[in-house]
Each structure stands twice: as C-alpha cells, then as structure tokens.
Amino acid sequence: MSTTALDKQAPQAATASAAAVPRRPRRRRLGPGRPVPHGWVIGPALLLALWAAGTGLGAIDVRSLPAPWTIAGTAGDLIDSGKLPSHLATSAQRALLGLLFGVVSGLLLALVAGLSRIGEAVIDGPVQIKRAIPSLALIPLLILWFGIGETMKVVTIALGVFVPVYIHTHNGLRTIDSRYAELAETVRLGRLAFVRHVVLPGALPGFLLGMRFAVTAAWLALVVVEQVNATSGIGYMMELARTYGQTDVIIVGLVVYGLLGLLSDALVRLVERRALSWRRTLAG
C-alpha cells in the first residue's frame, strides 16, 4: 500500500475513533450548573452546625436557646412518653383536612374564572379582596361563626390555602397559548376534551407552584389556630410549654413545624419534577 493511501486513511481512522468516543455534555456556562445531590438538606445542616458551634463556644445563651443535643434529648423523651406522636397526629389531621378543602375550592374557582369571563368577573374580585386580608385576621370572626372547635381551625387553614392555589392556577390558565384553543376548535374538540387535553396540562405548572405556597400556608395557619383553645396538637404543646417556661419543648415544636414544612415542600417539588419532566429549564 502506498504512502498516499495511508495518508488518506489516517484522517478517516482518526475521525472514526473520535466518533466512537462518547462526547461529554457541554457545561452551560451561563446557567446555575448541575443539580447538587440532596441539596435541599445543605442549608438546614449548615444552620444546625452553626447552632451547635455557637452553643459549644458559649456564644449562644442556653437559657434562651438550648443546645441541639438538649433539644434532641427532649424530643426523645416526648416520643417515648407518646406525647409528641399524639400531638403530631392531631396536627397532621387538621393540616391535611384544611389543605384538602382549600386545594379543591381554589382549583374549582380557578377553573371557573379561567374558562369564563363571567366567572372571572364574579369570582376574581372577591378572591383578590380575600388575598389582601390575612386569614389569621379573620379568626375572631370565624370564632363567632363556628365556635372554637375543630371546624374553625380547619376553615382557617383552608382559607389560607385556597388563595395561592387559585392565584397561580388562574394565572396558568390565562397564560395558555391561544393557538392551542384554535387548534382544539379546528379538530372540533368538545368542552370536556378541551379541558382534559389542553386546559389541565397547561395549568399544571401554575397549580404545582401554588401548591408549594399552599403547603407552607397550611402549616403557618396551623401554628396559630392550635394556640386558640386547643386541647391537643403541636401548637397546644408549645403553648403549654410556654406557661411552664419549658424553652426546650417550644424549640422541639418549632423544629417539628419546620421539618413538616420542608418535607411537604420537597414532596411537591418531587411531583413537579416528575409531572413536568418534559420541560427544559435552568433547573435541569
């Protein structure tokens, strides 16, 4: 074989070998970078480390803020005695009921207002008024209407939940590309088929964003309503601890509320990633 033939085959062999080697995905220089594994726990872990370091170095007064290991011991005692699981079950039941009623009502109102101009004229104004009034400011009125029992607590949580669900779902509906509606009319989709194949998928990103705000609102409302003539729940446990000056028990309650909020938000974000996996965003 001549040298000329070898010279011709060399670039071809090099090209073939280069093609056989898998290319690394190019890193986006302007994006936030690759997702950090279990990144959602890094922030709380850093806070815990600073808390422990501040206590160990004497920078934090343990009478005002007990050490993390003291809180862990108190939590263990409350678990062993059965008090913490019992109060936690009651709080979770209240939060879930309020979340259920709030999400259903917010979603239904958003669909009516988003699919009908008349519905929007009737519904959107009152919802915006409610949005400007904190749900906790309605507690005195709700007590007069429903008493101080469980109904008042669940209604207060539901009122705090339905507004973010409505706002973000309604916004998601209004931002659906009008060309999809034109295409649905072209292929002669019925009203129910249009809602199923166009409206619900288009509103899903807004609904899931509203859910993230809703779960946080549910726990925030729960903190307050459980301190209004309650006989059980995490808030009741904290209020009782305040009466007896048990700072460690109060911190345990705050940690439980924080963990519940963090875990529920992480659950919604997981559902969001699975349900919207078709989107290409900077989040990766």
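In this text, all values refer to a predicted model and were calculated from it rather than measured experimentally. (Residues numbered from 1 in each chain as written. Predicted model: local features only at pLDDT ≥ 70, side-chain atom pairs only at ≥ 80, totals over all residues. Heavy atoms only, no water.)

A.B. asks: What is the right way to look at the overall build of the protein chain in this model?
C.D. replies: The helix and strand tally for the protein chain stands at 11 helices and 0 strands. For the protein chain, the succession of helices and strands along the chain, N to C, is α-α-α-α-α-α-α-α-α-α-α. The burial tally for the protein chain puts 32% of its 284 residues in the buried class. The contacts in the protein chain between residues at least 6 apart in sequence include a share of 73% that link residues at least 24 apart. When the accessible surface of the protein chain is summed, it comes to about 18200 Å², and 65% of that surface belongs to carbon and sulfur atoms. (Helix = DSSP H or I, 4+ residues; strand = E, 2+ residues; numbered from the N terminus. Buried < 20%, exposed > 50% of the residue type's maximum accessible area, 1.4 Å probe, protein only. Contact = heavy atoms within 4.5 Å. Areas by Shrake-Rupley, 256 points an atom, 1.4 Å probe, with all protein chains shown as cover.)

A.B. asks: What is the right way to look at a nonpolar patch on the surface in this model?
C.D. replies: A contiguous nonpolar surface patch, about 450 Å² in accessible area, is contributed by Leu 97, Leu 100, Phe 101, Val 104 and Leu 108. Checked against the element boundaries, Leu 108 lands in helix H4 (residues 83-115). (Patch = residues over 30% accessible without salt bridge, like charges linked within 9 Å, V, L, I, M, F, W, Y side chains within 5 Å. Salt bridge = Lys/Arg side-chain N within 4 Å of Asp/Glu carboxyl O.)

A.B. asks: Explain the packing of aromatic side chains here, please?
C.D. replies: Aromatic rings considered in pairs are described by the distance between their centres and by the relative angle of their planes. Using the criterion set out here, one finds 1 aromatic pair in the structure. Look at Trp 145 and Phe 146: their rings are 6.5 Å apart centre to centre, the planes differ by 85°, and that puts the pair in the edge-to-face class. (Phe/Tyr/Trp six-rings, centres within 6.5 Å; stacked < 30°, edge-to-face > 60°.)

A.B. asks: Would you mind showing me how to read the packing of helix H3 (residues 68-81) against H4 here?
C.D. replies: Helix-helix packing is characterised by the crossing angle of the two axes and by the distance between the axes. Where H3 meets H4, the closest approach of the two axes is 4 Å, and the angle between their N-to-C directions is 80°. Compared by their axis directions, H3 and H4 come out roughly perpendicular. Note on element contacts: H4 touches H3 through Lys 83, Leu 84 and Pro 85, opposite Ala 75, Leu 78, Ile 79 and Ser 81. By residue class, the composition of the contact of H3 with H4 is 5 nonpolar, 1 polar and 1 charged. (Axes fitted to C-alpha atoms, helices over the stretch in contact; angles between N-to-C directions. Parallel < 35°, antiparallel > 145°, perpendicular 65-115°, else oblique. Nonpolar A, V, L, I, M, F, W, Y, C, P; charged D, E, K, R; others polar.)

A.B. asks: What am I meant to see in the pattern of salt bridges here?
C.D. replies: Once their charged atoms are close, side chains differing in charge can pair, the charge on each being opposite to the other. All chains considered together, the criterion is met by 7 salt bridges. Ionic pairing is found between Glu 226 and Arg 94, a salt bridge with its closest N-O pair at 3.0 Å. You can see Glu 226 sitting in the loop between helix H9 (191-225) and helix H10 (234-243) and its partner Arg 94 sitting in helix H4, a full 132 residues away along the chain. Taking relative accessible area as the criterion, Glu 226 reaches 1% and is therefore assigned buried.

A.B. asks: Just checking my understanding: could you explain helix H7 (residues 150-174) for this structure?
C.D. replies: An α-helix turns once every 3.6 residues. As a result, residues three or four positions apart point the same way. A rise of 1.5 Å per residue sets the reference length of H7, with its 25 residues, at 36 Å; its end C-alpha atoms lie 36 Å apart and thus fit the reference within 8%. For H7, the tally of buried residues reaches 18 of 25 residues, placing the bulk of the element in the interior. (Expected span 1.5 Å × (residues − 1).)

A.B. asks: What exactly am I supposed to notice about the side chain of His 170 here?
C.D. replies: For His 170, the position within the fold is in helix H7. Taking relative accessible area as the criterion, His 170 reaches 9% and is therefore assigned buried. Polar side-chain contacts of His 170 include one of 3.4 Å to the side chain of Glu 120. (Polar contact = N/O pair within 3.5 Å; in protein donor to acceptor, adjacent residues only side chain to side chain.)

A.B. asks: Looking at this model, I keep getting lost on the side chain of Ser 135. Mind explaining?
C.D. replies: In this structure, Ser 135 sits in the loop between helix H5 (117-132) and helix H6 (139-146). The class of Ser 135 is buried, set by a relative accessible area of 12%. A polar contact of 3.3 Å, which involves the side chain of Ser 135, links it to the backbone nitrogen of Gly 160. Discounting residues that sit within four places of it in the chain, Ser 135 has contacts with Lys 130, Thr 156, Leu 159 and Gly 160.

A.B. asks: What is the right way to read the packing of H7 against H9 from this model?
C.D. replies: As a packed pair, H7 and H9 sit with axes 7 Å apart at the nearest point and diverge in direction by 155°. One element, H7, and the other, H9, form an angle in the roughly antiparallel class. Note that H7 runs across H9; the crossing there is right-handed. A breakdown of the residues in the contact of H7 with H9 according to their chemical character gives 17 nonpolar, 8 polar and 1 charged. (Left-handed = near helix turned anticlockwise from the far one by under 90°.)

A.B. asks: Just checking my understanding: could you explain the environment of Glu 226 for this structure?
C.D. replies: Between the C-alpha atoms of Glu 226 and Lys 153, which are 73 residues apart in sequence, the distance is 7.5 Å. The residues touching Glu 226, leaving out its near neighbours within four places in the chain, are Ser 91, Arg 94, Gly 233, Ile 234, Gly 235, Tyr 236 and Tyr 257. Looking at Glu 226, its side chain comes within polar contact range of the main-chain nitrogen of Ile 234, at 3.2 Å.

A.B. asks: How should the layout of surface pockets be read in this particular structure?
C.D. replies: As a volume, the second largest pocket reaches approximately 480 Å³. Forming the walls of the second largest pocket are 17 residues, and the residues nearest its centre are Pro 44, Leu 48, Trp 51, Val 255 and Leu 259. Elements that contribute at least two residues to the lining of the second largest pocket include exactly helix H2 (42-56), H3 and helix H11 (247-275). Broken down by element, the residue count for the lining of the second largest pocket peaks at 7 residues, all from H11. Considering only residue class, the lining of the second largest pocket consists of 16 nonpolar, 1 polar and no charged. (1 Å grid on protein atoms, 1.4 Å probe; cavity = no way out; pocket = protein on both sides within 12 Å on 5 of 7 lines; lining within 4 Å. Points joined across faces, edges and corners; volume = space filled by probe spheres on them.)

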